[in-house]
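# Report on the structure
Each chain, letter by letter, is given below.
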Amino acid sequence: MATIKITQIKSRIGSPKDQKRTLDALGLTKMHKTVEYEDTPSIQGMVRKVKHLVSIEQQ
C-alpha cells in the first residue's frame with residue numbers, strides 16, 4: 001500500500017483542542033517533525049482535519 005509523509009509546518013498555538021489532539025494522534029508534537037504512515041481512510045480523515053497545519057507528500 002502507498003505511504004504518505006506528513007510534516008507539521010505551522011504552530012498548533014491557538015488551534016482548537018480537537019485539532020491539537022489530532023496532531024498528537026498523528027505523532028506530530030513539534031514544528032517541522034515528519035511522520036510516515038500508510039495511506040488509509042482514517043489517516044486521510046485526520047490529515048483533512050488539520051490540512052492547514054501540515055504538509056503532505058505522497059510516495
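Reading guide: rules and limits
Residues numbered from 1 in each chain as written. Predicted model: local features only at pLDDT ≥ 70, side-chain atom pairs only at ≥ 80, totals over all residues. Heavy atoms only, no water. Helix = DSSP H or I, 4+ residues; strand = E, 2+ residues; numbered from the N terminus. Polar contact = N/O pair within 3.5 Å; in protein donor to acceptor, adjacent residues only side chain to side chain. Contact = heavy atoms within 4.5 Å. Buried < 20%, exposed > 50% of the residue type's maximum accessible area, 1.4 Å probe, protein only. Arc of directions from axis to C-beta.

## Some details on the side chain of R12
Among the secondary structure elements, R12 is positioned in the loop between β1 (3-8) and α1 (17-26). Only 2.7 Å separates the side chain of R12 from the backbone oxygen of L28, close enough to count as a polar contact. Excluding anything up to four places from it in sequence, R12 contacts K20, L23, D24, L28 and T29.

## Things to note about α1
For α1, every residue scored as buried is listed here: Q19, T22, L23 and L26. Projection of α1 onto a plane perpendicular to its axis shows the buried side chains occupying an angular sector of 100°, all on one side. Set apart from the buried face of α1 by more than 90 degrees, the exposed residues are K17, R21 and A25. Summarising the contacts, the buried residues of α1 are in contact with β1, β2 (34-38), α2 (41-49) and β3 (54-58). Looking one or two residues beyond α1, the residue adopting positive phi is G27, at roughly 85°.

## Comments concerning the environment of Q58
Within the secondary structure layout, Q58 lies in strand β3. Beyond its immediate chain neighbours, meaning those up to four positions away, Q58 contacts T3, I4, D39 and Q44.

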